[in-house]
Amino acid sequence: MSDEIVQVDGLTKRFGDVVAVDNLSFNARKGEILGLVGPDGAGKTTALRILAGVLSADAGTALVAGQDVLLRPEAAKSRISYMPQQFGLYEDLTVTENIRFYADIFEVSRAERRQREQQLLEASGMSQFRNRLAGQLSGGMKRKLGIACALIHTPQLLLLDEPTTGVDPVSRRELWSILYSLVFEGVTMLVSTAYLDEAERCHRLLLMHQGRRLFFGTPDELKKMLPGAVLSISSPDPQALQTAAAGEQGVLSATAMGDVLHVVVDDPDRRVAQLRAGFEHAGVPFGEPRRIPASVEDVFVYVISQQATEQGS
């Protein structure tokens, strides 16, 4: 029996003249975290909403645990939980009341509900807040409560649309700890994220741009797509450094990250001296260029910039 919980082939969705999802194909295995990565408008949310049965598709197939979510969305919904960016918590209900409300929606038996509720509260570190109104929770705690509500019926597939957006770093780590614990329970997760450092945490990545698939594979496989090497260069004015680097031969992309510039070059041995000379000519202060391992963000910026260059040519 196949361990593929999600099988998507040729998925297409149009909104008038806009193709939001364009012939998209991918799969997700049991107990896998698949990250959907891409800029705004890439089609991530639309793809998740189709899999959740919220939106119809214009073409293609989408199977979840063997059920066709396009032809029979109701048959697949018992296997799926979907947590959109604005999850529907009831702020005038307590933590426990929200969980029990969703248990009623998913028709979870009382015996199973009690056990599952306790497990979820302990896993999310929210046992001591069970009687607090949801409206009085912090942003991170609301996200954790949303995940608990989405998991009350033990789905096979969990769809999370940017679950950590606007959440503080400590809560982000706690949320990812919860997600990893679900992997051991065999839950499959599709997680769209705006944080590229989080993409490193996923088993595989689906890189999307303008509704299309640009890459599908592991983070390490994605990094191997990057030609040349990444140079890290510090500067008190990284934006000016970025402008100076962008015009240099052999520079494939340049991205300011705080007070550091990441420059992707075709040949570091040839380009370091060239970059030094260019920065000195531009009068921009800079530190010694250092070669560093490529991150998912470095590759992401490079791939998207290449797409923009190809479309503009």
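Refer to the preceding data block for the structure.
Residues numbered from 1 in each chain as written. Predicted model: local features only at pLDDT ≥ 70, side-chain atom pairs only at ≥ 80, totals over all residues. Heavy atoms only, no water.

**Some points on helix H9 (residues 238–246)**
When H9 is considered as a whole, its buried residues turn out to be Pro-238, Leu-241, Ala-244 and Ala-245. Here the buried residues of H9 occupy an arc of 115 degrees about the axis, which is enough to place them on one side. For H9, exposure combined with an orientation more than 90 degrees from the buried face picks out Thr-243 and Ala-246. Buried residues along H9 sit in contact with strand S11 (229–234), strand S12 (251–257), strand S13 (260–265) and helix H10 (268–282). (Buried < 20%, exposed > 50% of the residue type's maximum accessible area, 1.4 Å probe, protein only. Helix = DSSP H or I, 4+ residues; strand = E, 2+ residues; numbered from the N terminus. Arc of directions from axis to C-beta. Contact = heavy atoms within 4.5 Å.)

**Describing the sheet that holds strand S2 (residues 18–29)**
In spatial order, the strands read S2-S1-S4-S5; together these four strands make up an open sheet with antiparallel pairing. Edge positions in the sheet fall to S2 and strand S5 (67–68), since each has one partner strand and no second. Direction of pairing for strand S4 (residues 59–64) relative to S5: antiparallel, over a ladder of two bridges. Pairing of Leu-63 across the sheet is with Asp-68, part of S5. This element, helix H1 (residues 44–51), spans strand S1 (4–15), S2 and S4 of the sheet and lies at about 120 degrees to S1. (Pairing = 2+ DSSP bridges. Axes fitted to C-alpha atoms, helices over the stretch in contact; angles between N-to-C directions.)

**Observations regarding the pattern of salt bridges**
Where side chains of opposite charge bring their charged atoms close, a pairing between them can arise. What the rule picks out here adds up to 15 salt bridges. Measuring nitrogen to oxygen at the nearest pair gives 3.6 Å for the salt bridge that ties Glu-185 to Arg-116. Note that Glu-185 is positioned in the loop between helix H6 (169–184) and strand S8 (188–192) and Arg-116 in helix H4 (residues 110–123), a separation of 69 residues in sequence. Classification of Glu-185 by relative accessible area gives partly exposed; the value is 48%. For Arg-116, a relative accessible area of 6% corresponds to the buried category. Look at the salt bridges and you will find they share partners, linking Arg-29, Glu-32 and Arg-204 into a network. (Salt bridge = Lys/Arg side-chain N within 4 Å of Asp/Glu carboxyl O.)

**What to know about the packing of H9 against H10**
It is at 10 Å that the axes of H9 and H10 come closest, and there the two elements cross at 120 degrees. Between H9 and H10, the angle falls in the class oblique. The hand of the H9/H10 crossing is right-handed. Packed against H9, whose contacting residues are Leu-241, Ala-244 and Ala-245, the element H10 presents Leu-275, Phe-279 and Ala-282 at the interface. Here the contact of H9 with H10 is composed, by residue class, of six nonpolar, no polar and no charged. (Parallel < 35°, antiparallel > 145°, perpendicular 65-115°, else oblique. Left-handed = near helix turned anticlockwise from the far one by under 90°. Nonpolar A, V, L, I, M, F, W, Y, C, P; charged D, E, K, R; others polar.)

**Looking at the packing of helix H3 (residues 95–105) against helix H5 (residues 139–150)**
Two elements in contact, H3 and H5, have axes whose closest approach is 8 Å; the angle formed by their N-to-C orientations is 30 degrees. If you check the angle between H3 and H5, you find them roughly parallel. Of the two possible hands of crossing, H3 and H5 adopt the one that is right-handed. Contacts between H3 and H5 involve Val-95, Asn-98, Ile-99 and Tyr-102 from the first element and Leu-145, Ala-148 and Cys-149 from the second. Residues belonging to the contact of H3 with H5 are distributed by class as follows: six nonpolar, one polar and no charged.

**Considering the layout of surface pockets**
The volume enclosed by the largest pocket comes to roughly 370 Å³. Of all the secondary structure elements, the ones that give two or more residues to the lining of the largest pocket are strand S6 (80–83) and H3. Among the residues making up the lining of the largest pocket, the classes are represented as ten nonpolar, four polar and two charged. (1 Å grid on protein atoms, 1.4 Å probe; cavity = no way out; pocket = protein on both sides within 12 Å on 5 of 7 lines; lining within 4 Å. Points joined across faces, edges and corners; volume = space filled by probe spheres on them.)

**Concerning the environment of Ala-52**
Relative to the elements of secondary structure, Ala-52 occurs in the loop between H1 and S4. Exposure remark for Ala-52: the relative accessible area of 8% places this residue in the buried category. Taking the C-alpha atoms as reference points, Ala-52 and Gly-166, separated by 114 residues in sequence, lie 23 Å from one another. Beyond its immediate stretch of four places on either side in the chain, Ala-52 contacts Lys-77, Ile-80, Tyr-82 and Leu-159.

**What about the side chain of Arg-113?**
Note on placement: Arg-113 falls in helix H4. Assessed through its relative accessible area of 10%, Arg-113 is described here as buried. In this structure the side chain of Arg-113 is engaged in a polar contact, spanning 2.5 Å, whose partner is the side chain of Asp-104. Of the polar contacts made by the side chain of Arg-113, one reaches the backbone oxygen of Val-108; its length is 3.5 Å. If sequence neighbours within four positions are ignored, Arg-113 has contacts with Arg-100, Ala-103, Asp-104, Val-108 and Ile-152. (Polar contact = N/O pair within 3.5 Å; in protein donor to acceptor, adjacent residues only side chain to side chain.)

**A word on the environment of Ser-253**
Summarising the element assignment, Ser-253 is placed in strand S12. The spatial distance from the C-alpha of Ser-253 to the C-alpha of Gly-186 is 39 Å, given a sequence separation of 67 residues.

**Details of H1**
For H1, the buried fraction is high: six of the eight residues fall into the buried class. Among all positions in H1, only Lys-44, Thr-46, Ala-47, Leu-48, Ile-50 and Leu-51 are buried. Directly beyond the C-terminal end of H1, a positive phi value near 85 degrees is found at Gly-53.

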